[in-house]
Amino acid sequence: MSELVKNDYEEPRCLLNMHPEVVRIPTGRVIEKLDAYLAKKDYDAAERHLRYWEREAAAGNDERGRLTVLNEEIGLYRKTEKEEECLRAIAEALALAEAAEMEGTITYGTTLLNAATGYKAFGKAGEALALYKKARTIYEAALSPEDARLGGLYNNMALALTACGDHSEARELYEKALAIMSKQENGALEVAITYLNMADLAAAEKGMEAAEETIGMYLEKAEALMDDAGLPRDGYYAFVCEKCAPVFGYYGYFLAEKELMKRAEEIYERT
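Just so it is clear, the structure is predicted and the values come from calculations on it, not from any experiment.

Before going further, it helps to spend a moment on the overall build of the chain. Helix and strand content of the chain: 14 helices and zero strands. Taking the principal axes of the C-alpha coordinates as reference, the chain spans close to 90 × 45 × 35 Å. Sorting the 271 residues of the chain into buried and exposed places 41% on the buried side. In the chain, of all internal contacts separated by at least 6 residues, the share reaching a separation of at least 24 is 60%. When the 33 positive and 50 negative side-chain charges of the chain are each reduced to one mean point, those points stand 2 Å apart.

A rise of 1.5 Å per residue sets the reference length of helix 8 (residues 125-142), with its 18 residues, at 26 Å; its end C-alpha atoms lie 25 Å apart and thus fit the reference within 8%. Those residues of helix 8 that fall on the buried side of the exposure criterion are Ala125, Ala128, Leu129, Leu131, Tyr132, Ala135, Arg136, Ile138 and Tyr139. In this structure, the buried residues of helix 8 make contact with helix 6 (83-99), helix 7 (106-121), helix 9 (148-163) and helix 10 (167-181).

To continue, consider the packing of aromatic side chains. Applying the stated criterion across every chain yields a total of five aromatic pairs. Look at Tyr52 and Trp53: their rings are 5.0 Å apart centre to centre, the planes differ by 85°, and that puts the pair in the edge-to-face class. Summarising the aromatic geometry, the rings of Tyr236 and Phe239 are spaced 6.2 Å apart at their centres and angled 35° between planes, so their arrangement reads as tilted. Of this pair, Tyr236 and Phe239 are both found in helix 13 (residues 235-250), three residues apart, which corresponds to roughly one turn of the helix. When its relative accessible area of 25% is taken as the criterion, Phe239 is described as partly exposed. Above the face of the Phe239 ring, Lys79 is positioned so that its terminal group lies 4.3 Å from the ring centre. Of note, Lys176 hangs over the ring of Tyr154, and the distance from its end group to the ring centre comes to 5.9 Å.

The next point concerns the state of the cysteines. Between two cysteines, a covalent bond joining their sulfur atoms is known as a disulfide. Under the counting rule described, the total for this entry stands at zero disulfides. As a non-bridged cysteine, Cys164 has Cys86 as the owner of its nearest cysteine sulfur, 17 Å distant. Cys241 provides the cysteine sulfur closest to Cys244, a residue in no disulfide bond, and the two sulfurs are 7.4 Å apart. Judged by relative accessible area, Cys244 falls into the buried class, the value being 2%.

Attention shifts here to the pattern of salt bridges. Side-chain pairs of opposite charge can arise whenever the charged atoms involved come near each other. Considering all chains together, one arrives at 16 salt bridges under this definition. Residue Arg136 is joined to Glu169 by a salt bridge in which the shortest nitrogen-to-oxygen separation is 3.5 Å. Taken together, the residues Arg136 in helix 8 and Glu169 in helix 10 connect sequence positions 33 residues apart. By relative accessible area, Arg136 is classed as buried at 17%. Within this structure, Arg51, Glu54, Arg66, Glu73, Arg88 and Glu92 form a network of salt bridges that share partners.

Two elements in contact, helix 3 (residues 27-39) and helix 4 (residues 43-59), have axes separated by 8 Å at closest approach and are oriented at 165°. Considering their axes alone, helix 3 and helix 4 lie roughly antiparallel with respect to each other. Relative to helix 4, the crossing made by helix 3 is left-handed. Contacts between helix 3 and helix 4 involve Val30, Lys33, Leu34, Tyr37 and Leu38 on the former and, on the latter, Tyr43, Ala45, Ala46, His49, Leu50 and Trp53. Among the residues forming the contact of helix 3 with helix 4, the class breakdown is nine nonpolar, one polar and one charged.

How each quantity is defined
- Residues numbered from 1 in each chain as written.
- Predicted model: local features only at pLDDT ≥ 70, side-chain atom pairs only at ≥ 80, totals over all residues.
- Heavy atoms only, no water.
- Helix = DSSP H or I, 4+ residues; strand = E, 2+ residues; numbered from the N terminus.
- Buried < 20%, exposed > 50% of the residue type's maximum accessible area, 1.4 Å probe, protein only.
- Contact = heavy atoms within 4.5 Å.
- Lys, Arg positive; Asp, Glu negative; His and termini not counted.
- Charge placed at Lys NZ, Arg CZ, Asp CG, Glu CD.
- Expected span 1.5 Å × (residues − 1).
- Phe/Tyr/Trp six-rings, centres within 6.5 Å; stacked < 30°, edge-to-face > 60°.
- Lys NZ or Arg CZ within 6 Å of the ring centre and 35° of its normal.
- Disulfide = S-S within 2.5 Å.
- Salt bridge = Lys/Arg side-chain N within 4 Å of Asp/Glu carboxyl O.
- Axes fitted to C-alpha atoms, helices over the stretch in contact; angles between N-to-C directions.
- Parallel < 35°, antiparallel > 145°, perpendicular 65-115°, else oblique.
- Left-handed = near helix turned anticlockwise from the far one by under 90°.
- Nonpolar A, V, L, I, M, F, W, Y, C, P; charged D, E, K, R; others polar.

And the structure:
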């Protein structure tokens, strides 16, 4: 056996890549541009935008930046109903957050929440519920009881509970969401969404006929909130109108459905 010399076992540190250089992506500008695309419903451009910055973040070893982009991709693919792409983004986001040892942080909780909401959108309520429970533990420990993010978690988790047949806990979480979102500035839209979700819960629990009166009460409350002239008529308002309109139509409130779609279209045309 020949004698080892230093160069046989010690390479320059740059070759070992022990401390790779991190080049941060401009996450603020990335989100700002994404919002502009979404306001115009230009989902193809939004997807190209996010995939570009995902590659840039990976090339620059910017793990936090890449996680931010992946979280946005989950939401976009959920909205555009691209299941394969959404599940890919979920898997990569969760793996990245775990590898970076983010467990227990709000960032990890938000990633869990987004992943769960993606699972729920594609019929995976059981998988979603497991992630919602983890996110809830983190959020309740780290956030103020009146934080809007906690209200959003309760609302989304209740949807998964309803799908899994746990109506009692779903109702409890909807009530918690209402208490939080009703205190937020311009929180009327979130409250309206919760009321519509509660209408679906009543239908699931009692059946359409038995729950008719309760469903009508929730729909009327939601409609009144969305008619509030003080709400900003912006891209998010248009998105909520577009999202909620079919719920009104499903329960026979066709005029409300038509009006909400009209409002959404007018906003998108202006932008």
